[in-house]
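Chain and residue survey
Each chain, letter by letter, is given below.
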Amino acid sequence: MNEYAVTVIGHDRPGIIADVAETLAGLGLNLTDSTMTRLRGHFAMTLVCAGSVSAGDVESALAPLTAGRTLLVTVREVGEDLVEPPRGEHYVLTVHGADRLGIVAALSRTVAAAGGNITDLTTRLAGNLYVVVAEVDAPGAMSDLATAIDRVAGELGVEATLRPAEADLM
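Notes on the structure in this doc start here. Remember, predicted model here, so these are calculated numbers, not experimental data.

Right, let's get into unusual backbone geometry. Keep in mind that most residues, glycine aside, have a negative phi and that most peptide bonds are trans. Positive phi is not limited to glycine here, since R40 has a value of about 50 degrees. Turning to its location among the elements, R40 is positioned in the loop between β2 (30-39) and β3 (42-51). What makes R40 exposed here is its relative accessible area of 70%.

Another point: the nonpolar core. Formed by 20 residues in total, the largest nonpolar core has its most connected members in L93, V95, V136 and I149. Mapped by element, the contributors of at least two residues to this core are β5 (89-98), α3 (103-113), β7 (129-138), α4 (142-156) and β8 (159-164). With six residues, the single largest contributor to this core is α4.

On to empty space enclosed by the protein. Over the atoms rolls a probe the size of a water molecule, and in doing so it shows where empty space is left. Applying the stated rule across the entire model yields one cavity of 30 Å³ or more. In terms of lining residues, the largest cavity is bounded by L93, I103, V104, L107, S108, I118, L121, V132 and A134. Of all the secondary structure elements, the ones that give two or more residues to the lining of the largest cavity are α3, β6 (117-126) and β7. Examining the composition of the lining of the largest cavity, we find that four residues originate from one element, α3, more than from any other. Of the residues in the lining of the largest cavity, the class split is eight nonpolar, one polar and no charged.

Here we take up the packing of helix α1 (residues 16-26) against helix α2 (residues 55-62). Between α1 and α2, whose axes approach to 10 Å, the crossing angle comes to 140 degrees. Overall, the two elements α1 and α2 adopt an arrangement that is oblique. Read as a crossing pair, α1 and α2 show a hand that is right-handed. Residue-level contacts link V20, T23 and L24 of α1 to V58, A61 and L62 of α2. Taken together, the residues of the contact of α1 with α2 break down into five nonpolar, one polar and no charged.

Thresholds applied
- Residues numbered from 1 in each chain as written.
- Predicted model: local features only at pLDDT ≥ 70, side-chain atom pairs only at ≥ 80, totals over all residues.
- Heavy atoms only, no water.
- Helix = DSSP H or I, 4+ residues; strand = E, 2+ residues; numbered from the N terminus.
- Buried < 20%, exposed > 50% of the residue type's maximum accessible area, 1.4 Å probe, protein only.
- Core = buried A, V, L, I, M, F, W, Y, C linked by side-chain atoms within 4.5 Å.
- 1 Å grid on protein atoms, 1.4 Å probe; cavity = no way out; pocket = protein on both sides within 12 Å on 5 of 7 lines; lining within 4 Å.
- Points joined across faces, edges and corners; volume = space filled by probe spheres on them.
- Nonpolar A, V, L, I, M, F, W, Y, C, P; charged D, E, K, R; others polar.
- Axes fitted to C-alpha atoms, helices over the stretch in contact; angles between N-to-C directions.
- Parallel < 35°, antiparallel > 145°, perpendicular 65-115°, else oblique.
- Left-handed = near helix turned anticlockwise from the far one by under 90°.
- Contact = heavy atoms within 4.5 Å.

Right, here's the structure in full:
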């Protein structure tokens, strides 16, 4: 069984997800993980799929989606050995405040310095309000990471909250 990471980015239009999913299903590929979103009118999707076809077959089958030059599609073989089990406990980090340079950089560095791994990150700018929601796997005591995040959030002038993730929402 082969596993592939497929990315699709470009101008949003109706039917991109359907086109990709139907193409992959037609090749006998099963979607195992995916994330898809719109970013200011641009579509972005990353997915992992598994099946017995070659990477070349996947690329060839998806090539018609790029014909109008509004989408870019990449296919990369991935292996199970790249999958790491979660480390530590699961948390949700929420941040909001005035938009400014360096919010994601500073907070993600703080998580990394504590040995944590951000497994999902979403940011939104609504007017002058910047919002970050991140899922974090972190070893050690939550209080240590929360203290470090509070310190950096104060320096940035934003509000930050770290809380345990609810298992049924993950």
